[in-house]
Amino acid sequence: MKKFYIKRLLLISLVVNSILQGAQKTTNLGDVIVSANKIEENIKDIPQSITVIDKEIIDEKGIKNVADVINEIPNMYISPSHGGALNFRGLNTSMFTNNNPVVIYIDGIPTTDRNSFDVSLQNIERIEILRGPQGTLYGKDAIGGVINVITKEPNNITSGSINLEYGSNNYKLTTFDISTPIIENKLFFNLNGSISSDDGWVKNNYNKDDNASKQKEKRFNTTFLYKVNDKLSTKLVLKKEKTKNYWGNDLGIANATSLNQFKREDAKNTSFDMPSIEKNDIDSQSLNIKYEEDKYILNFLTTHKKNRFDSIFDADFTSGNAYDGSYMQRDMTNDTYTGEVRLTNGKNSNFKWIGGLYFDTEERKYNPYLMDYYFNNSLFMSGNAVSSADSSTKAIFAQTMIPINDKVELTLGGRYQKIKKTIDMTVFNYAMGIGKSSFDFDSEKTWNTFLPKVALSYKINDNFSSYISFSKGYMPGGFNNYASSSNEKQNLFDPQKSTNYELGIKAQLKDFIFSASIFRMDIKDIHVYRQVLGNYYTDNAQKAYSQGVAFDFTYFINDNIELSGAVGLIDTKYESFDAGDYDFSNNKIENTPSHTANISISYHHPKGFYARADLKNQGSLYFYDDRQKKFLKNDGYTTLDTKLGYKTSNWDIYAYVKNLTDTEYITYYNSNSMVSLASFGDSRIIGVGLKYKF
């Protein structure tokens, strides 16, 4: 199978190259410079799949969070509720490393934790989404890709903006951004932030709360840039974020057997007896010291991030039954430090290269990790796991891009890393008729790995380029946060590893830009999320694969009309997954849409009027139902967003409708012995906004 697939990649490459060799040269739209390889390069010269979203597109499409970004990317899917669980090319969130398979970087600060998988999108210059494993340069958790958020650096010009929005469900948003010099040519300052609230559309009939799914969010960022001289500069970034999310767009049904039993109207008028709230408090800082010579650039980057996450929720997501009073509580603190020393080529270097050292330390504590289950008003089962889990990473990495001739470039890269994890846990249990018990679980594990990357790019002509690449992906193993016993084997899961092949082509023509790729990923010990008798844990499926294609484009029909879109098709399967009690081999990997597609058209009138429509279609996917030990098919759906506005040099006034057709669709599903839970996407939302730039 694998050999056949690789041969097919090579055959397609030869055919495409032979066709494009004779393509007529046209005028280039202009260079798109990105920093995907941590050095500035033209996007068409980089041998990997990359999506770039600039500030104008972010504003026009109303992209306000990472979930909105992900919806633009082929073969990427996120459930915005329940911790922001993400799937990319068949790779799911690793629930008890708490990490998504795609890492967010903003100002050098990494974000992988599913409980805080969002960042402020103010003061943004562009967002680069690097598709495929990026472990060589970006580290241990970038098995699926990287979302690299590039912020604008303040300069000698004072500039800024303020934006106000109001919409359905009493949605309110205020954003601001100001940059100014403190000392001209030396010291610069930026302050930006956002404050938002939303009452949601869910009513809790148990306590007559009409705003049961309300949300509140505050994010503030400060940047100081100090240019010591023409060669040396320092950049300090301080961030503060607070979010509160109450009940989600959720509906719980006991003993559900089909997704057809779940209706959005029932979720709007739900009933639950225990309070449900998630609170996130994040403080982070980064310091970047940069020294630049003609032939090399030296960067030193250190970051610190402290995340306090507290949650409590109704355990059965219902009321008026024997389980009333049951709840779960999870309070977590996560303290992470990172450091990186990076040496890259300078502007006058003969070829491109990068090398460096990286380290991080992480301390994660849970207290409590609690569940209390009641039956007919009596406590029949209770448990609490108090734990402290530490991890450390040390790595050395290097990558070089070697020009073979004026058309061919070879990329060679590698990363060697050592990851150590320890855990110290005490589990307290109570069962009616048995009484109280407790046990300790203490363990330590170290993993060493080497992540290579090899790519070959071929410049067909001034407008077309192609590439083929091979790389290894990696996500560390770990320990389950709620141990089932003191036995290490029962609570340890192994690292997830992937072998990746990709072939692609890129073009920049007079009025048309596109990229296309075909990929294959073989996965070993893939992380899966399971539960048995109320205990949730991460397990390893022995073998799986993911293969597919992706295509995105931008077409300038004329000076006023732009058409853009992306499509991804994917096939995934558990080739071998014997879970002990059940054999799940030959099932499709859950939470993986069979396809994703979006197409957008925008119109800009010379006098300032503009309009746009964004159509998104997602194919069917499968959710895993642990109570029935089967995979349930969730049908695909289509949504349409529209926007009308008027711009002047300083002002932008607009109105928008999201999910214009009021499509009903399910975004998340989980089922256990107590309840089956489904989450819905938002119904139609209407809003207006006003933005002032100076």
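Everything below is about the structure printed above this text.
Residues numbered from 1 in each chain as written. Predicted model: local features only at pLDDT ≥ 70, side-chain atom pairs only at ≥ 80, totals over all residues. Heavy atoms only, no water.

Points about the side chain of Asn99
Along the polypeptide, Asn99 turns up in strand β7 (residues 99–106). A distance of 2.8 Å separates the side chain of Asn99 from the side chain of Thr112, its partner in a polar contact. Beyond its immediate chain neighbours, meaning those up to four positions away, Asn99 contacts Thr93, Ser94, Thr112, Asp113, Asp141 and Met475. (Helix = DSSP H or I, 4+ residues; strand = E, 2+ residues; numbered from the N terminus. Polar contact = N/O pair within 3.5 Å; in protein donor to acceptor, adjacent residues only side chain to side chain. Contact = heavy atoms within 4.5 Å.)

Overview of the sheet that holds strand β17 (residues 250–253)
Reading across from one edge, β17-β40-β39 is the order of the three strands in this open sheet, with antiparallel pairing throughout. Two strands bound the open sheet, and with one partner strand each, they are β17 and β39 (666–671). When the angles between neighbouring strand axes are averaged without regard to direction, this sheet yields 15°. Note that β17 and strand β40 (residues 676–680) share four bridges and pair antiparallel. From the neighbouring strand, Gly252 faces β40, where its bridge partner is Leu677. (Pairing = 2+ DSSP bridges. Axes fitted to C-alpha atoms, helices over the stretch in contact; angles between N-to-C directions.)

Notes on unusual backbone geometry
Following Asn367, the chain continues into Pro368 via a peptide bond in cis, with omega recorded as 0°. Inspection of the secondary structure assignment puts Pro368 in strand β22 (residues 352–375). Of note, the phi angle at Asp662 is positive, near 55°, even though the residue is not glycine. On the secondary structure map, Asp662 appears in the loop between β38 (651–658) and β39.

Remarks on the nonpolar core
Buried together is how nonpolar side chains tend to be arranged in soluble globular proteins. Counting residues in each nonpolar core, the largest one holds 45 residues, and the members touching the most others are Phe262, Met425, Phe623, Ile666, Tyr669 and Phe680. Put simply, the parts of the chain that give this core at least two residues each are β21 (327–345), β22, β23 (378–403), β24 (408–431), β25 (435–459), β35 (621–625), β39 and β40. If we ignore the near neighbours within four places in the chain, the residues touching Phe623 are Tyr77, Leu259, Asn591, Lys630, Phe631, Leu632, Asn634, Ile666, Thr667, Tyr668 and Tyr669. One finds Val66, Met76, Ile106 and Phe117 within the second-largest nonpolar core, a separate group that totals 23 residues. (Core = buried A, V, L, I, M, F, W, Y, C linked by side-chain atoms within 4.5 Å. Buried < 20%, exposed > 50% of the residue type's maximum accessible area, 1.4 Å probe, protein only.)

Some words on a positive patch on the surface
A surface patch of like charges, here positive, comprises Lys216, Lys218, Lys242, Lys244 and Lys279. Taken together, the elements giving at least two residues each to the positive patch come down to β15 (215–227) and β16 (232–245). Relative to the assigned elements, Lys216 resides in strand β15. (Patch = residues over 30% accessible without salt bridge, like charges linked within 9 Å, V, L, I, M, F, W, Y side chains within 5 Å. Areas by Shrake-Rupley, 256 points an atom, 1.4 Å probe, with all protein chains shown as cover. Salt bridge = Lys/Arg side-chain N within 4 Å of Asp/Glu carboxyl O. Lys, Arg positive; Asp, Glu negative; His and termini not counted. Charge placed at Lys NZ, Arg CZ, Asp CG, Glu CD.)

Focus: empty space enclosed by the protein
Applying the stated criterion across every chain, the model contains 10 cavities of 30 Å³ or more. Taken as a whole, the largest cavity holds about 610 Å³ of empty space. Along the walls of the largest cavity sit 37 residues, with Asn99, Thr112, Lys140, Glu362 and Arg364 positioned nearest its centre. Listed by contribution, the elements that provide at least two residues to the lining of the largest cavity are β7, β8 (109–113), β20 (296–314), β21, β22, β23, β24 and β27 (478–479). (1 Å grid on protein atoms, 1.4 Å probe; cavity = no way out; pocket = protein on both sides within 12 Å on 5 of 7 lines; lining within 4 Å. Points joined across faces, edges and corners; volume = space filled by probe spheres on them.)

Digging into the sheet that holds β8
Ordered by their spatial adjacency, five strands build an open sheet running β3-β9-β10-β7-β8, and the pairing between neighbours is mixed. With partners counted over all chains shown, the strands left at the sheet margins are β3 (49–54) and β8, one partner each. The sheet shows a mean angle of 20° between the axes of neighbouring strands, direction not considered. Of the strand pairs in this sheet, β3 and strand β9 (residues 124–131) are connected by six bridges, and their pairing is antiparallel. Bridge pairing links Asp54 to Arg126 in β9.

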